[in-house]
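Structural overview
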Amino acid sequence: MEKINKKWLLKKRPKGMPDDSCWKLEESPIKELEDNQILIKVMWLSIDPYMRGRMNDMKSYTDPVALGEVMTGESVGQVIQSRSDKFQIGDYVAAHLGWQSYIRCNAENPALMRIFPDLAPIQAFLGPAGMPGRTAYFGLKEVGKVKETDTVVVSAASGAVGSVVGQMAKAIGCKTIGIAGGKKKCDFVKDVMGLDYAIDYKSKTFKEDLTKACSNGVDIYFENVGGEVSKAVAELLNPGARVPICGFISAYNSFNSDSSKLPETPFDIFGALNPVPEHRFFVVTEFINDWDRATQELTEWMRQGKIKYKETVLKNIESAPQGLRDVLSGKNFGKQLIKVSD
Ligand SMILES: NC(=O)c1ccc[n+]([C@@H]2O[C@H](COP(=O)([O-])OP(=O)(O)OC[C@H]3O[C@@H](n4cnc5c(N)ncnc54)[C@H](OP(=O)(O)O)[C@@H]3O)[C@@H](O)[C@H]2O)c1
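Okay, so let's go over this structure. A quick note: this is a predicted structure, and the numbers were derived from the prediction, not measured.

Rules behind the numbers
- Residues numbered from 1 in each chain as written.
- Predicted model: local features only at pLDDT ≥ 70, side-chain atom pairs only at ≥ 80, totals over all residues.
- Heavy atoms only, no water.
- 1 Å grid on protein atoms, 1.4 Å probe; cavity = no way out; pocket = protein on both sides within 12 Å on 5 of 7 lines; lining within 4 Å.
- Points joined across faces, edges and corners; volume = space filled by probe spheres on them.
- Near = heavy atom within 4 Å.
- Polar contact = N/O pair within 3.5 Å; in protein donor to acceptor, adjacent residues only side chain to side chain.
- Areas by Shrake-Rupley, 256 points an atom, 1.4 Å probe, with all protein chains shown as cover.
- Helix = DSSP H or I, 4+ residues; strand = E, 2+ residues; numbered from the N terminus.
- Nonpolar A, V, L, I, M, F, W, Y, C, P; charged D, E, K, R; others polar.
- Domains from an automatic or database assignment.
- Core = buried A, V, L, I, M, F, W, Y, C linked by side-chain atoms within 4.5 Å.
- Buried < 20%, exposed > 50% of the residue type's maximum accessible area, 1.4 Å probe, protein only.
- Contact = heavy atoms within 4.5 Å.

Inspection of every chain in the model, using the stated rule, returns one cavity of 30 Å³ or more. The volume enclosed by the largest cavity comes to roughly 40 Å³. Lining the largest cavity, in full, are Pro128, Ser158, Gly159, Ala160, Ser163, Val164, Tyr309, Lys310, Gly334 and Lys335.

Structure (C-alpha coordinates):
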(Lines give C-alpha, C1' and ligand atoms only; values in the text may rest on other atoms or scores of the structure.)
Protein backbone atom coordinates (compact mmCIF):
# COMPACT_ATOMS: atom_id res chain seq x y z
CA MET A 1 0.00 0.00 0.00
CA GLU A 2 1.24 3.49 -0.86
CA LYS A 3 2.64 5.31 2.16
CA ILE A 4 1.44 8.83 2.86
CA ASN A 5 3.62 11.39 4.61
CA LYS A 6 1.90 13.93 6.84
CA LYS A 7 3.87 17.11 7.42
CA TRP A 8 3.18 20.42 9.09
CA LEU A 9 4.13 23.46 7.01
CA LEU A 10 4.51 26.95 8.45
CA LYS A 11 1.74 29.05 6.94
CA LYS A 12 1.72 32.29 8.92
CA ARG A 13 3.98 34.03 11.44
CA PRO A 14 2.28 34.21 14.82
CA LYS A 15 1.65 37.14 17.12
CA GLY A 16 1.78 35.88 20.67
CA MET A 17 0.69 32.28 21.26
CA PRO A 18 0.61 30.48 17.88
CA ASP A 19 -2.87 29.24 16.95
CA ASP A 20 -3.71 26.49 14.46
CA SER A 21 -3.94 28.96 11.56
CA CYS A 22 -0.13 29.32 11.69
CA TRP A 23 0.34 25.88 10.17
CA LYS A 24 -1.07 23.68 7.43
CA LEU A 25 -1.05 19.88 7.54
CA GLU A 26 -0.10 18.53 4.14
CA GLU A 27 -0.40 14.90 3.04
CA SER A 28 1.64 13.58 0.13
CA PRO A 29 2.56 10.13 -1.21
CA ILE A 30 6.15 9.06 -0.54
CA LYS A 31 8.24 8.74 -3.68
CA GLU A 32 10.53 5.77 -4.35
CA LEU A 33 13.99 6.04 -2.89
CA GLU A 34 16.92 7.09 -5.01
CA ASP A 35 20.47 5.79 -4.51
CA ASN A 36 21.94 6.64 -1.06
CA GLN A 37 18.52 7.54 0.35
CA ILE A 38 16.70 6.09 3.35
CA LEU A 39 13.10 6.19 4.54
CA ILE A 40 12.46 6.65 8.26
CA LYS A 41 9.16 5.91 9.94
CA VAL A 42 8.89 8.53 12.68
CA MET A 43 7.85 7.18 16.07
CA TRP A 44 8.30 10.20 18.35
CA LEU A 45 8.48 13.92 17.65
CA SER A 46 10.06 16.29 20.14
CA ILE A 47 8.38 19.59 20.96
CA ASP A 48 10.81 22.26 22.17
CA PRO A 49 10.53 25.92 23.21
CA TYR A 50 13.00 27.14 20.52
CA MET A 51 10.40 26.27 17.86
CA ARG A 52 8.43 29.40 18.76
CA GLY A 53 11.42 31.63 17.95
CA ARG A 54 11.95 29.94 14.60
CA MET A 55 8.41 30.93 13.59
CA ASN A 56 9.41 34.62 13.65
CA ASP A 57 11.09 36.32 10.74
CA MET A 58 13.85 37.61 13.01
CA LYS A 59 17.60 37.37 13.14
CA SER A 60 18.79 34.84 15.74
CA TYR A 61 21.53 32.22 16.04
CA THR A 62 19.83 30.28 13.27
CA ASP A 63 17.57 31.05 10.30
CA PRO A 64 13.79 31.24 10.73
CA VAL A 65 11.56 28.60 9.17
CA ALA A 66 10.44 29.98 5.78
CA LEU A 67 6.72 30.22 5.07
CA GLY A 68 5.65 27.04 3.26
CA GLU A 69 8.57 25.08 4.70
CA VAL A 70 8.26 22.07 7.03
CA MET A 71 8.15 23.19 10.67
CA THR A 72 11.48 22.59 12.38
CA GLY A 73 11.87 19.78 14.88
CA GLU A 74 13.71 16.62 15.85
CA SER A 75 12.21 13.16 15.84
CA VAL A 76 13.28 9.56 16.38
CA GLY A 77 12.23 6.59 14.32
CA GLN A 78 13.26 3.47 12.48
CA VAL A 79 14.74 3.02 9.02
CA ILE A 80 12.17 1.05 7.01
CA GLN A 81 13.79 1.30 3.56
CA SER A 82 17.41 1.85 2.67
CA ARG A 83 19.41 2.32 -0.50
CA SER A 84 22.54 3.19 1.45
CA ASP A 85 25.32 1.18 3.13
CA LYS A 86 25.31 3.64 6.00
CA PHE A 87 21.92 2.62 7.46
CA GLN A 88 20.30 -0.81 7.50
CA ILE A 89 16.58 -1.50 7.70
CA GLY A 90 15.73 -1.65 11.41
CA ASP A 91 18.31 0.92 12.52
CA TYR A 92 17.06 3.64 14.87
CA VAL A 93 17.89 7.26 14.15
CA ALA A 94 17.29 10.75 15.47
CA ALA A 95 16.61 13.18 12.65
CA HIS A 96 16.39 16.95 12.84
CA LEU A 97 14.19 17.14 9.75
CA GLY A 98 10.92 18.62 10.91
CA TRP A 99 7.36 17.86 11.88
CA GLN A 100 6.55 14.93 9.61
CA SER A 101 5.45 11.31 9.93
CA TYR A 102 7.97 9.85 7.42
CA ILE A 103 11.39 11.18 6.50
CA ARG A 104 12.89 10.41 3.10
CA CYS A 105 16.41 11.78 2.94
CA ASN A 106 19.99 11.22 1.91
CA ALA A 107 21.78 8.90 4.32
CA GLU A 108 24.68 11.39 4.54
CA ASN A 109 22.41 14.17 5.79
CA PRO A 110 24.19 15.75 8.83
CA ALA A 111 20.80 16.11 10.55
CA LEU A 112 20.76 12.32 11.11
CA MET A 113 22.25 10.63 14.16
CA ARG A 114 22.23 6.89 14.86
CA ILE A 115 20.72 6.04 18.26
CA PHE A 116 20.93 2.85 20.24
CA PRO A 117 17.86 1.48 22.08
CA ASP A 118 20.04 -0.70 24.33
CA LEU A 119 21.33 2.52 25.97
CA ALA A 120 17.94 4.15 26.70
CA PRO A 121 14.32 4.08 25.48
CA ILE A 122 14.37 5.65 22.01
CA GLN A 123 12.27 8.68 22.94
CA ALA A 124 14.80 9.54 25.67
CA PHE A 125 17.12 10.51 22.80
CA LEU A 126 14.84 13.54 22.44
CA GLY A 127 15.04 14.18 26.19
CA PRO A 128 17.72 13.47 28.82
CA ALA A 129 19.82 11.38 26.41
CA GLY A 130 19.37 13.85 23.57
CA MET A 131 19.51 17.56 22.84
CA PRO A 132 18.00 18.78 26.16
CA GLY A 133 20.31 16.51 28.17
CA ARG A 134 23.36 17.67 26.25
CA THR A 135 22.28 21.28 26.72
CA ALA A 136 22.15 20.74 30.48
CA TYR A 137 25.49 18.93 30.44
CA PHE A 138 27.48 21.57 28.55
CA GLY A 139 25.64 24.52 30.03
CA LEU A 140 26.41 23.43 33.58
CA LYS A 141 29.94 22.13 33.02
CA GLU A 142 31.40 24.36 30.30
CA VAL A 143 29.47 27.60 30.64
CA GLY A 144 28.62 27.39 34.34
CA LYS A 145 32.03 25.87 35.25
CA VAL A 146 30.34 24.01 38.08
CA LYS A 147 32.29 23.03 41.25
CA GLU A 148 31.06 20.88 44.12
CA THR A 149 31.07 23.83 46.54
CA ASP A 150 28.62 25.84 44.37
CA THR A 151 25.04 26.69 45.16
CA VAL A 152 23.17 26.07 41.92
CA VAL A 153 19.73 27.46 41.10
CA VAL A 154 17.89 26.21 38.02
CA SER A 155 14.57 27.45 36.65
CA ALA A 156 12.01 25.32 34.73
CA ALA A 157 13.54 22.71 37.04
CA SER A 158 11.14 19.85 36.29
CA GLY A 159 11.52 20.29 32.53
CA ALA A 160 13.60 18.50 29.93
CA VAL A 161 16.75 20.62 30.40
CA GLY A 162 16.20 21.76 34.00
CA SER A 163 15.69 18.27 35.41
CA VAL A 164 19.08 17.14 34.09
CA VAL A 165 20.82 20.32 35.28
CA GLY A 166 19.47 19.90 38.81
CA GLN A 167 20.32 16.22 39.15
CA MET A 168 23.79 16.66 37.63
CA ALA A 169 24.52 19.48 40.08
CA LYS A 170 23.24 17.34 42.97
CA ALA A 171 25.40 14.39 41.88
CA ILE A 172 28.45 16.69 41.71
CA GLY A 173 27.80 17.66 45.35
CA CYS A 174 26.37 21.16 44.93
CA LYS A 175 23.63 22.69 47.03
CA THR A 176 20.69 22.60 44.62
CA ILE A 177 17.57 24.74 44.32
CA GLY A 178 15.00 24.08 41.61
CA ILE A 179 12.37 26.66 40.67
CA ALA A 180 9.16 25.35 39.07
CA GLY A 181 5.51 26.27 38.66
CA GLY A 182 3.03 24.62 41.05
CA LYS A 183 3.01 21.96 43.74
CA LYS A 184 3.05 18.89 41.49
CA LYS A 185 6.21 19.99 39.70
CA CYS A 186 7.85 21.14 42.95
CA ASP A 187 7.11 17.79 44.63
CA PHE A 188 8.81 16.05 41.72
CA VAL A 189 11.85 18.34 41.96
CA LYS A 190 12.26 17.71 45.69
CA ASP A 191 11.04 14.13 46.20
CA VAL A 192 11.93 12.38 42.93
CA MET A 193 14.84 14.41 41.56
CA GLY A 194 16.17 14.84 45.10
CA LEU A 195 17.16 18.51 44.95
CA ASP A 196 17.69 20.24 48.29
CA TYR A 197 14.91 22.81 47.73
CA ALA A 198 12.03 23.19 45.30
CA ILE A 199 10.62 26.71 45.07
CA ASP A 200 7.27 27.50 43.47
CA TYR A 201 7.53 30.76 41.51
CA LYS A 202 3.74 30.97 41.34
CA SER A 203 3.47 31.14 45.15
CA LYS A 204 2.85 34.49 46.88
CA THR A 205 5.88 33.81 49.08
CA PHE A 206 8.22 33.04 46.14
CA LYS A 207 10.85 35.68 46.88
CA GLU A 208 10.99 34.93 50.61
CA ASP A 209 11.12 31.18 49.96
CA LEU A 210 13.93 31.60 47.44
CA THR A 211 15.93 33.91 49.70
CA LYS A 212 15.62 31.48 52.60
CA ALA A 213 16.72 28.51 50.45
CA CYS A 214 19.70 30.47 49.09
CA SER A 215 21.00 31.39 52.55
CA ASN A 216 24.59 31.51 51.25
CA GLY A 217 23.75 33.24 47.99
CA VAL A 218 23.88 31.77 44.48
CA ASP A 219 27.00 30.75 42.56
CA ILE A 220 25.34 29.46 39.38
CA TYR A 221 21.96 30.45 38.05
CA PHE A 222 21.05 28.22 35.10
CA GLU A 223 18.65 30.47 33.23
CA ASN A 224 15.71 28.90 31.41
CA VAL A 225 12.82 31.32 31.90
CA GLY A 226 13.72 35.04 32.30
CA GLY A 227 11.30 37.65 33.68
CA GLU A 228 10.39 37.94 37.36
CA VAL A 229 12.16 34.69 38.25
CA SER A 230 15.48 36.03 36.93
CA LYS A 231 15.01 39.32 38.79
CA ALA A 232 14.50 37.47 42.06
CA VAL A 233 17.61 35.30 41.55
CA ALA A 234 19.67 38.30 40.38
CA GLU A 235 19.41 39.84 43.88
CA LEU A 236 21.02 36.75 45.41
CA LEU A 237 24.06 36.24 43.17
CA ASN A 238 27.42 35.92 44.93
CA PRO A 239 30.61 37.63 43.70
CA GLY A 240 32.03 35.43 40.95
CA ALA A 241 28.62 33.95 40.07
CA ARG A 242 28.04 32.48 36.60
CA VAL A 243 24.76 32.67 34.68
CA PRO A 244 24.58 30.30 31.69
CA ILE A 245 21.69 31.72 29.66
CA CYS A 246 20.10 28.69 28.11
CA GLY A 247 16.77 30.33 27.28
CA PHE A 248 14.06 32.66 28.56
CA ILE A 249 10.75 31.07 27.70
CA SER A 250 8.60 33.64 29.52
CA ALA A 251 9.39 36.14 26.72
CA TYR A 252 9.13 33.88 23.65
CA ASN A 253 5.55 34.82 22.75
CA SER A 254 6.46 38.52 23.07
CA PHE A 255 9.07 38.41 20.28
CA ASN A 256 7.05 38.98 17.14
CA SER A 257 8.28 39.61 13.63
CA ASP A 258 6.64 43.03 13.35
CA SER A 259 7.00 44.40 16.89
CA SER A 260 9.25 47.42 17.27
CA LYS A 261 9.76 47.01 21.03
CA LEU A 262 11.68 43.96 22.18
CA PRO A 263 10.71 42.37 25.51
CA GLU A 264 13.02 42.44 28.49
CA THR A 265 15.60 39.66 28.39
CA PRO A 266 18.04 38.19 30.94
CA PHE A 267 20.76 40.26 29.23
CA ASP A 268 18.92 43.40 30.38
CA ILE A 269 18.46 42.02 33.89
CA PHE A 270 21.97 40.65 34.52
CA GLY A 271 23.72 43.34 32.45
CA ALA A 272 22.24 46.03 34.71
CA LEU A 273 23.75 44.58 37.92
CA ASN A 274 26.79 46.10 39.57
CA PRO A 275 29.12 44.27 39.33
CA VAL A 276 27.90 42.56 36.17
CA PRO A 277 28.01 38.79 36.74
CA GLU A 278 29.53 36.46 34.17
CA HIS A 279 26.57 35.69 31.90
CA ARG A 280 26.27 34.51 28.35
CA PHE A 281 23.86 32.82 25.99
CA PHE A 282 25.04 29.46 24.72
CA VAL A 283 23.74 27.00 22.16
CA VAL A 284 24.20 23.26 22.52
CA THR A 285 25.64 23.06 18.99
CA GLU A 286 28.75 24.97 20.20
CA PHE A 287 29.81 21.67 21.73
CA ILE A 288 28.92 19.37 18.83
CA ASN A 289 32.39 17.76 18.77
CA ASP A 290 31.83 16.45 22.29
CA TRP A 291 28.23 15.28 21.90
CA ASP A 292 29.13 11.57 21.93
CA ARG A 293 30.93 11.90 25.27
CA ALA A 294 27.93 13.70 26.76
CA THR A 295 25.46 11.11 25.43
CA GLN A 296 27.58 8.31 26.87
CA GLU A 297 27.73 9.90 30.32
CA LEU A 298 24.07 10.89 30.34
CA THR A 299 22.84 7.41 29.36
CA GLU A 300 25.14 5.85 31.97
CA TRP A 301 23.72 8.13 34.70
CA MET A 302 20.21 7.24 33.51
CA ARG A 303 21.06 3.54 33.73
CA GLN A 304 22.33 4.05 37.28
CA GLY A 305 19.09 5.84 38.20
CA LYS A 306 20.91 9.14 38.85
CA ILE A 307 18.79 10.99 36.27
CA LYS A 308 15.04 10.65 36.68
CA TYR A 309 12.74 12.36 34.22
CA LYS A 310 9.12 12.96 33.30
CA GLU A 311 7.49 12.82 29.89
CA THR A 312 4.21 14.28 28.66
CA VAL A 313 2.86 12.57 25.56
CA LEU A 314 0.26 13.70 23.04
CA LYS A 315 -0.84 11.24 20.35
CA ASN A 316 -0.55 11.68 16.57
CA ILE A 317 1.34 14.19 14.45
CA GLU A 318 -1.87 16.25 14.31
CA SER A 319 -1.27 17.26 17.97
CA ALA A 320 2.09 18.96 17.36
CA PRO A 321 0.73 22.57 17.42
CA GLN A 322 -1.10 21.87 20.69
CA GLY A 323 2.11 20.37 22.09
CA LEU A 324 3.96 23.59 21.36
CA ARG A 325 1.26 25.70 23.00
CA ASP A 326 1.40 23.41 26.05
CA VAL A 327 5.17 23.89 26.39
CA LEU A 328 4.84 27.65 26.05
CA SER A 329 2.21 27.76 28.77
CA GLY A 330 3.77 25.26 31.18
CA LYS A 331 1.09 22.55 30.69
CA ASN A 332 3.80 20.02 29.90
CA PHE A 333 5.41 18.22 32.79
CA GLY A 334 8.88 17.14 31.72
CA LYS A 335 9.81 16.36 28.13
CA GLN A 336 6.95 17.11 25.72
CA LEU A 337 6.64 14.41 23.09
CA ILE A 338 4.28 13.52 20.28
CA LYS A 339 3.76 9.78 19.74
CA VAL A 340 3.60 9.63 15.96
CA SER A 341 3.51 5.85 15.40
CA ASP A 342 4.26 2.53 17.11
N1 LIG B 1 20.48 27.14 24.36
C2 LIG B 1 20.19 25.92 23.94
O3 LIG B 1 20.95 25.27 23.21
C4 LIG B 1 18.89 25.31 24.40
C5 LIG B 1 18.58 23.97 24.12
C6 LIG B 1 17.40 23.44 24.64
C7 LIG B 1 16.55 24.24 25.39
N8 LIG B 1 16.86 25.54 25.62
C9 LIG B 1 16.02 26.39 26.46
O10 LIG B 1 15.89 25.76 27.72
C11 LIG B 1 14.68 26.14 28.35
C12 LIG B 1 13.93 24.90 28.80
O13 LIG B 1 13.62 24.10 27.66
P14 LIG B 1 13.01 22.64 27.83
O15 LIG B 1 13.02 22.01 26.50
O16 LIG B 1 13.67 21.97 28.96
O17 LIG B 1 11.48 22.96 28.19
P18 LIG B 1 10.68 22.42 29.47
O19 LIG B 1 11.32 23.00 30.68
O20 LIG B 1 10.51 20.96 29.38
O21 LIG B 1 9.27 23.08 29.23
C22 LIG B 1 9.11 24.46 29.30
C23 LIG B 1 8.78 24.90 30.74
O24 LIG B 1 9.01 26.28 30.84
C25 LIG B 1 8.22 26.81 31.90
N26 LIG B 1 7.53 28.02 31.46
C27 LIG B 1 6.69 28.18 30.42
N28 LIG B 1 6.24 29.44 30.39
C29 LIG B 1 6.80 30.08 31.44
C30 LIG B 1 6.72 31.41 31.94
N31 LIG B 1 5.97 32.34 31.35
N32 LIG B 1 7.45 31.72 33.05
C33 LIG B 1 8.22 30.79 33.64
N34 LIG B 1 8.32 29.51 33.22
C35 LIG B 1 7.62 29.18 32.13
C36 LIG B 1 7.16 25.74 32.22
O37 LIG B 1 7.55 25.13 33.45
P38 LIG B 1 6.91 25.66 34.82
O39 LIG B 1 5.51 25.10 34.86
O40 LIG B 1 7.81 25.17 35.85
O41 LIG B 1 6.84 27.15 34.71
C42 LIG B 1 7.30 24.75 31.09
O43 LIG B 1 6.95 23.45 31.47
C44 LIG B 1 13.93 26.99 27.31
O45 LIG B 1 14.16 28.34 27.59
C46 LIG B 1 14.60 26.61 26.00
O47 LIG B 1 14.49 27.60 25.02
C48 LIG B 1 18.01 26.08 25.13
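Quick look at the site of the ligand now. What surrounds the ligand is a group of 27 residues, the closest being Val161, Lys185, Tyr201, Tyr252 and Asn332. Contact between the ligand and Val161: an oxygen atom at 2.7 Å from a main-chain N or O atom of the residue. A distance of 2.8 Å separates an oxygen atom of the ligand from a polar backbone atom of Asn224. Considering the ligand on its own, with 910 Å² of exposed area, one finds that the protein chains cover 91% of that surface. Where the shell around the ligand is concerned, the elements lending two or more residues are helix H2 (131-143), helix H3 (160-172) and helix H9 (320-328). Of the residues in the shell around the ligand, the class split is 17 nonpolar, nine polar and one charged. When residues of the shell around the ligand are assigned to domains, at least three map to each of domain 1 (4-127 + 311-339) and domain 2 (131-288).

A few words now on the nonpolar core. Of all hydrophobic cores here, the largest spans 103 residues; its most connected members are Trp99, Leu210 and Tyr221. Both domains that furnish three or more residues to this core are identified here as domain 1 (4-127 + 311-339) and domain 2 (131-288). If we ignore the near neighbours within four places in the chain, the residues touching Tyr221 are Val153, Ser155, Val229, Ser230, Val233, Leu237, Arg242, Val243, Pro244 and Phe270.

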